[in-house]
Amino acid sequence: MNRIRLSLPRGRWAAYQHQDLLHDAIVNALITAGATSAQVVGAAAEPWTFAALGYHRAHVGQVHGLVISTPSTVLADALTALQPAAVRYARASTGELIDFSAASVSTEPPPVCTDPGSLGVLTLSPIALSAPGTQRKRWLTQLDQVDLSAAANVRLSRIVGRTVALSVQPDSLYLRANPRHSVLVSTKRMRNGRAAFVIGMQAPLVLTGSREDLLLAWYAGLGEKTRNGFGCLGLAEEGVGR
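This write-up is about the structure you can find in this document. Treat the numbers as computed from the prediction; the structure is a model and nothing was measured. (Residues numbered from 1 in each chain as written. Predicted model: local features only at pLDDT ≥ 70, side-chain atom pairs only at ≥ 80, totals over all residues. Heavy atoms only, no water.)

1. So, the overall build of the chain
Counting secondary structure elements, the chain contains six helices and 13 strands. For the chain, the C-alpha radius of gyration of 17 Å lies close to 18 Å, the compact-globule estimate for 242 residues. Considering only C-alpha atoms, the chain reaches an extent of 45 × 35 × 35 Å along its principal axes. Each of the 242 residues in the chain was classed as buried or not, and the buried ones make up 48%. Taking contacts inside the chain between residues at least 6 apart in sequence as the whole, the part at least 24 apart equals 73%. Here the chain has roughly 11800 Å² of accessible surface; of this, 51% comes from carbon and sulfur atoms. Charge centroids of the chain, computed over 23 positive and 16 negative side chains, lie 10 Å from each other. (Helix = DSSP H or I, 4+ residues; strand = E, 2+ residues; numbered from the N terminus. Rg over C-alpha atoms; globule rule 2.2 N^0.38 Å. Buried < 20%, exposed > 50% of the residue type's maximum accessible area, 1.4 Å probe, protein only. Contact = heavy atoms within 4.5 Å. Areas by Shrake-Rupley, 256 points an atom, 1.4 Å probe, with all protein chains shown as cover. Lys, Arg positive; Asp, Glu negative; His and termini not counted. Charge placed at Lys NZ, Arg CZ, Asp CG, Glu CD.)

Shown next as structure tokens:
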């Protein structure tokens with residue numbers, strides 16, 4: 001398990017249009033740091049997730065920091081060796097360039113929790129969950145549309161090869177005040193020129209369970225498409241930070 005944060009100097013921002021630019025920059029850095037391509041991308045890749053810290057305006061993202069996290073012992077060493085200069089990617093087809101060579105790197109310690117215990121968390125990147133049993137993928141737009149605990153436990157159990165039994169509950173007051181808590185994330189530009197999107201959901205959550213399961217969720221993230229920058233968690237008491 002390992003988790004790092006890359007922070008650009010105060011006042012510095014990096015712009016991007018599609019989230020796969022950030023994904024590809026991180027993949028480049030992990031491979032440069034010693035991971036193999038098969039460990040980072042593809043159906044059999046190790047679990048990892050990331051979050052872009054910043055904001056969106058007029059379909060353009062502005063990011064000042066990246067959180068990259070993995071529960072994998074295989075990728076933990078690559079994260080330790082990751083160099084900010086390698087978090088760089090240029091794409092001529094969209095005219096985009098992401099460059100974190102000026103960033104500083106810090107290791108994020110695991111949260112302190114009892115066993116069993118609970119954690120109040122924020123979604124640093126939106127949680128993506130699709131409706132089960134549909135031929136065409138349909139992304140859910142409300143966290144009360146799904147058994148979030150069951151969805152989280154199925155994926156996390158598959159990652160570690162044992163039964164994970166977390167309770168994952170959205171903050172009830174937040175859902176009442178923010179019934180529309182989904183966001184449309186532009187993930188990439190397809191060959192026909194159109195953009196591909198994923199709908200994700202953001203809300204404070206309360207996680208309850210064994211310390212082992214809580215830390216797994218903390219490092220692995222929740223929901224689908226975590227390696228593409230969805231489902232990364234942060235402590236509610238710390239906020240997003242600069």
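There's more to say after this.
2. A short note on helix α1 (residues 19–32)
For α1, with 14 residues, the first-to-last C-alpha span of 20 Å sits near the 20 Å given by 1.5 Å per residue. Burial analysis of α1 places eleven of its 14 residues in the buried class, which makes it a mostly covered element. Turning to α1, its buried residues are Gln19, Asp20, Leu21, Leu22, His23, Asp24, Ala25, Ile26, Val27, Ala29 and Leu30. (Expected span 1.5 Å × (residues − 1).)

3. So, the pattern of salt bridges
If you walk through the whole model with that rule in mind, you get eight salt bridges. Here Arg91 and Asp20 are joined by a salt bridge, their closest N and O atoms 3.4 Å apart. Separated by 71 residues along the polypeptide, Arg91 in strand β5 (residues 88–91) and Asp20 in helix α1 bring together distant segments of the chain. Comparing Arg91 with Asp20, the two get one shared label, buried. One continuous salt-bridge network, built from bridges that share partners, spans Arg3, Arg5 and Glu108. (Salt bridge = Lys/Arg side-chain N within 4 Å of Asp/Glu carboxyl O.)

4. Side note on the packing of aromatic side chains
Per the stated rule, a full pass over the model turns up two aromatic pairs. Arranged with centres 5.3 Å apart and planes meeting at 70 degrees, the rings of Trp13 and Tyr55 form a pair that is edge-to-face. Highlighted residues: Trp13 in the loop between β1 (2–7) and β2 (14–16) and Tyr55 in strand β3 (residues 49–57), separated in sequence by 42 residues. Note on Trp13: relative accessible area 38%, which makes it partly exposed. (Phe/Tyr/Trp six-rings, centres within 6.5 Å; stacked < 30°, edge-to-face > 60°.)

5. Regarding the sheet that holds strand β8 (residues 117–123)
Strands sit in the order β9-β12-β8-β13 across an open sheet of four strands; the sheet is antiparallel. Across the chains shown, the open sheet's two edge strands, defined by having one partner strand only, are β9 (167–170) and β13 (233–235). Sheet twist, expressed as the average angle between the axes of neighbouring strands with direction ignored, equals 35 degrees. Sheet analysis places β9 next to strand β12 (residues 205–209), joined by four bridges and oriented antiparallel. Note on β12: the bridge partner recorded for Gln169 is Val206. Of the strands in this sheet, β9 and β12 are in contact with helix α4 (residues 148–160), which crosses β9 at around 135 degrees. (Pairing = 2+ DSSP bridges. Axes fitted to C-alpha atoms, helices over the stretch in contact; angles between N-to-C directions.)

6. Structural notes on the pairing of strand β11 (residues 195–201)
Pairing between strand β10 (residues 182–189) and β11: seven bridges, direction antiparallel. Among the inter-strand pairings, Ser182 is bridged to a residue of β11, identified as Met201. Counted between consecutive antiparallel strands, the loop separating β10 from β11 contains five residues, among which Gly193 sits at a positive phi close to 90 degrees.

7. Some details on the packing of α4 against helix α6 (residues 211–220)
Running from amino to carboxyl end, α4 crosses α6 at an angle of 95 degrees, the nearest separation of the two axes being 11 Å. The angle between α4 and α6 falls in the class roughly perpendicular. From α4, Arg155, Leu156, Ile159 and Val160 reach across to α6, where they touch Leu216, Ala217 and Ala220. Grouping the constituent residues of the contact of α4 with α6 by class yields six nonpolar, no polar and one charged. (Parallel < 35°, antiparallel > 145°, perpendicular 65-115°, else oblique. Nonpolar A, V, L, I, M, F, W, Y, C, P; charged D, E, K, R; others polar.)

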